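The lines below spell out each chain.
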2 protein chains.
Amino acid sequence: MQQDSVSRPPVVILVEPQIGENIGTTARAMLNCGLDTLRLVRPRESWPNPKAVAAASGADRVLEAATLHESVEDALADLTCVHATTARPRDMVKPVLDPRQAAPIWHRQGRSGRVGLLFGRERSGLDNDEVALADAVVEVPLNPSFRSLNLAQAVLLCAYEWRMADIDDRGEVRLGRDAAPATKQELADFYRHLEGELDRAGFLFPPEKRPRMVRNIRNIFARGGLTGQEVRSLRGIIGALARPLPSDAGEN
Amino acid sequence: MQQDSVSRPPVVILVEPQIGENIGTTARAMLNCGLDTLRLVRPRESWPNPKAVAAASGADRVLEAATLHESVEDALADLTCVHATTARPRDMVKPVLDPRQAAPIWHRQGRSGRVGLLFGRERSGLDNDEVALADAVVEVPLNPSFRSLNLAQAVLLCAYEWRMADIDDRGEVRLGRDAAPATKQELADFYRHLEGELDRAGFLFPPEKRPRMVRNIRNIFARGGLTGQEVRSLRGIIGALARPLPSDAGEN
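Values in this document were obtained by computation on a predicted structure and should not be read as measured data.

Draft legend 1. Representation of the overall build of chain A in the model. Scanning chain A for helices and strands turns up 11 helices and 7 strands. Burial status across chain A gives 58% buried among its 252 residues. A fraction of 82% describes how many contacts in chain A between residues 6 or more apart in sequence connect residues 24 or more apart. Counting every atom, chain A has about 10800 Å² of accessible surface; 50% of that belongs to carbon and sulfur.

Draft legend 2. Inspection of the confidence of the model for chain A at higher detail. Per-residue confidence for chain A averages 86 on the pLDDT scale, and 87% of its residues sit at or above 70. Within the model, the stretch residues 170-178 of chain A combines pLDDT values under 50 with 10 contacts to residues more than four positions away or in other chains.

Draft legend 3. Structural view of the pairing of strand 6 (residues 115-119) of chain A. All names here are of chain A. Most of strand 6 is tucked away, with 5 of its 5 residues classed as buried. The alternating pattern of strand 6 places Val115, Leu117 and Phe119 and Gly116 and Leu118 on opposite faces, both of which are buried. Here 4 bridges tie strand 1 (residues 11-15) to strand 6, and the two strands are oriented parallel to one another. Note that in strand 6 the partner of leucine 14 across the bridge is phenylalanine 119. Sheet topology note: the strand 4 (residues 81-85)/strand 6 ladder contains 5 bridges and is parallel. Bridge pairing in strand 6 places histidine 83 opposite leucine 117.

Draft legend 4. Spotlight on the environment of B:Asp129. Residues and elements named next belong to chain B. Structurally, aspartate 129 can be placed in helix 6 (residues 128-132). Residue classification places aspartate 129 among the exposed positions, given a relative accessible area of 63%. Separated by 57 residues in the primary sequence, aspartate 129 and valine 72 have C-alpha atoms spaced 9.9 Å apart.

Draft legend 5. Just the sheet that holds strand 2 (residues 38-41) of chain A, in detail. All names here are of chain A. Sheet architecture is open: 7 strands sit in the order 3-2-1-6-4-7-5, paired in parallel fashion. The two strands at the open ends of the sheet, each matched to only one other strand, are strand 3 (67-69) and strand 5 (96-97). For strand 4 and strand 7 (residues 136-138), the ladder comprises 3 bridges, and the chain directions are parallel. Bridge pairing in strand 7 links alanine 84 to valine 137.

Draft legend 6. Representation of the packing of aromatic side chains in the model. All names here are of chain B. This model, assessed by the stated rule, comprises 6 aromatic pairs over all chains. Considering the side-chain rings of phenylalanine 190 and tyrosine 191, the 5.5 Å spacing of their centres and the 40 degrees angle between planes classify their relative orientation as tilted. The exposure classification of phenylalanine 190 matches that of tyrosine 191, with both residues buried. For the ring pair phenylalanine 190 and phenylalanine 221, a centre distance of 5.1 Å and an interplane angle of 85 degrees mean the geometry is edge-to-face.

Draft legend 7. The arrangement of helix 7 (residues 151-167) of chain A in detail. Residues and elements named next belong to chain A. Over its 17 residues, helix 7 extends 24 Å from the first C-alpha to the last, a length consistent with the 24 Å expected when each residue adds 1.5 Å. Counting buried residues in helix 7 gives 15 out of 17 residues, a clear majority hidden from the surface. The N-terminus of helix 7 is capped by asparagine 150, whose side-chain oxygen sits 3.2 Å from the backbone nitrogen of alanine 152.

Draft legend 8. Representation of unusual backbone geometry within the structure. Residue and element names in this part refer to chain B. In the segment running from tryptophan 47 into proline 48, the intervening peptide bond is cis, with an omega of 0 degrees. Position of proline 48 among the secondary structure elements: in the loop between strand 2 (38-41) and helix 2 (50-55). In this chain, phenylalanine 205 is followed by proline 206 through a cis amide linkage whose omega measures 0 degrees. On the secondary structure map, proline 206 appears in the loop between helix 8 (184-200) and helix 9 (210-222). Of note in this structure, glutamate 16 is not a glycine but carries a positive phi near 45 degrees.

Draft legend 9. Region of interest: the pattern of salt bridges. Scanning all chains against the criterion turns up 28 salt bridges over all chains. Between A:Glu45 and A:Lys51 there is a salt bridge; the shortest N-O distance is 3.2 Å. According to the relative accessible area criterion, A:Glu45 is partly exposed, its value standing at 23%. Across the pair B:Asp189 and B:Arg192 runs a salt bridge whose closest N-O atoms are separated by 2.7 Å. Of this pair, B:Asp189 and B:Arg192 both sit in helix 8, 3 residues apart, which is roughly one turn of the helix. Judged by its relative accessible area of 25%, B:Asp189 falls in the partly exposed class. Salt bridges sharing partners connect three or more residues here, namely A:Glu16, A:Arg42, A:Arg121 and A:Glu130.

Draft legend 10. Looking closely at the interface of chain B and chain A. Contact with chain B, which involves 69 residues of that partner, is made by 68 residues of chain A. The contact between chain B and chain A buries some 5900 Å² in all, and 61% of this surface belongs to carbon and sulfur atoms. Three residues stand out in chain B for area buried against chain A, namely B:Asn32, B:Phe146 and B:Leu241, and they jointly supply 12% of the buried area on that side. Applying the counting rule to chain B against chain A returns 2 salt bridges. B:Glu161 serves as the salt-bridge partner of A:Arg100, at 2.8 Å between the closest nitrogen and oxygen. The interface formed by chain B and chain A contains 16 residue pairs in polar contact (both at pLDDT 80 or more). Where the side of chain B that touches chain A is concerned, the elements lending two or more residues are helix 1 (20-32), helix 5 (99-112), helix 7 (151-166), helix 8, helix 9, helix 10 (228-242) and helix 11 (246-251) of chain B. Here the element with the most residues in the side of chain B that touches chain A is helix 10 of chain B; it accounts for 9 residues. The class makeup of the residues in the side of chain B that touches chain A is 37 nonpolar, 17 polar and 15 charged.

Draft legend 11. Region of interest: the sheet that holds strand 4 (residues 81-85) of chain B. All names here are of chain B. Spatial strand order, 3-2-1-6-4-7-5: 7 strands in an open sheet with parallel pairing. Edge positions in the sheet fall to strand 3 (67-69) and strand 5 (96-97), since each of these pairs with one other strand and no more. Two elements, strand 2 and strand 3, share 3 bridges in a ladder whose sense is parallel. Looking at the pairing, leucine 40 lines up with leucine 68 of strand 3. On the sheet, helix 7 packs against strand 1 (11-15), strand 4, strand 6 (115-119) and strand 7 (136-138) and is oriented at approximately 155 degrees with respect to strand 6.

Each value, and the rule that gives it
Residues numbered from 1 in each chain as written. Chains lettered and ligands numbered in written order. Predicted model: local features only at pLDDT ≥ 70, side-chain atom pairs only at ≥ 80, totals over all residues. Heavy atoms only, no water. Helix = DSSP H or I, 4+ residues; strand = E, 2+ residues; numbered from the N terminus. Buried < 20%, exposed > 50% of the residue type's maximum accessible area, 1.4 Å probe, protein only. Contact = heavy atoms within 4.5 Å. Areas by Shrake-Rupley, 256 points an atom, 1.4 Å probe, with all protein chains shown as cover. pLDDT = per-residue confidence, 0-100. Pairing = 2+ DSSP bridges. Phe/Tyr/Trp six-rings, centres within 6.5 Å; stacked < 30°, edge-to-face > 60°. Expected span 1.5 Å × (residues − 1). Polar contact = N/O pair within 3.5 Å; in protein donor to acceptor, adjacent residues only side chain to side chain. Salt bridge = Lys/Arg side-chain N within 4 Å of Asp/Glu carboxyl O. Buried area = accessible area lost by both parts, 1.4 Å probe. Nonpolar A, V, L, I, M, F, W, Y, C, P; charged D, E, K, R; others polar. Axes fitted to C-alpha atoms, helices over the stretch in contact; angles between N-to-C directions.

Structure, rendered in structure tokens:
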């Protein structure tokens, strides 16, 4: 177990990285700032990738320990706080932070749970469903007339802010013992439970609107920083509401 | 003439850059953060350099305006404050700052004069005579067991710190469109709706625990900063879940 006072560095998750070299430069950027856990969701090129090793400039151990994942959900399953990095505005109700504002959150969350930073494809970034899985959006406040960070540079700026906040540790207030944040697995199970009941009730209708409705509902809950206990309470509520009463059967 | 209140961004000076591509990625890193003046002291490859343009990803105007200089002294001649960036300790009596400490100095100096950031060769950095020309040394506080920033990444972190110091109005959580926050009345009506259904389902039981259960449930929703639209969605969900299905009546 981690000690209470130690904050684990964020996990970096690359979604469908297209260029092996960028995985290597990402590993290099990470290790410069003390981050060493890398997860790859469906990289386009095969893995392991010699081009990644060549570009890592010695950060080989990050690449060797990197894990492959079939889905973003799988890559986030054990995490308690996920921030999606994107340069593009989304019509979505999410807190938008810059890396400097986010870094103290990463430190606080990293003491009792595990933080993940989600990075999208080089060309197209993250899609809306992927952003919806995150608790907040992190955006680097670049020159409005020239925004062109490559993947490893975006990772570097986030990792750098984590490191600067680590050096300048301000002794943040810790969460109480009962307030362990929900894992992404607990949240995923909760969403499945809720959406299953809503399908059964005919609420997520018509089918073409279902994805957007689901995303909006998930956003409501993703934002609150739910604890594991709260997720269990919500599942209890769903179970109680969805269970037909004996009297209802008699009335009909 | 510059107005007194406007701070000119620092000039970036690359001393004997060895790889054309690095000049391009440096220009890109600079322009992302609003820096546009680049000076090259004896680049190893001929100039202009198509490899630099290819690597600049559109930051061409920085390359086109870049000037060539025969000596470091010449490249610094019009500047009023010069900071040398190096990752290696030098036996020299100079102030050593990290980029975050240095950025306010760059801003202050840039109001009345012009600041230069001096970067050394990819392999060997700056020599002692070159460092001696600077007013201070800037060092990025990297992972002591892995320090391997490339040239453009070192430029990026300095340029980023200049930009962050340039942005005053941070600290605001932005919400997407359609994000008018729920009124207290809308929230109160929502809680009454939810709690009414939970009472009906026998969930808020036994009575002596009801106040605490209600408080915990309200806390879940109070924390997320719900919008009016989200509260309406949640009420729709409650209505859908709590409404018994016709088939349920038949099953019982």
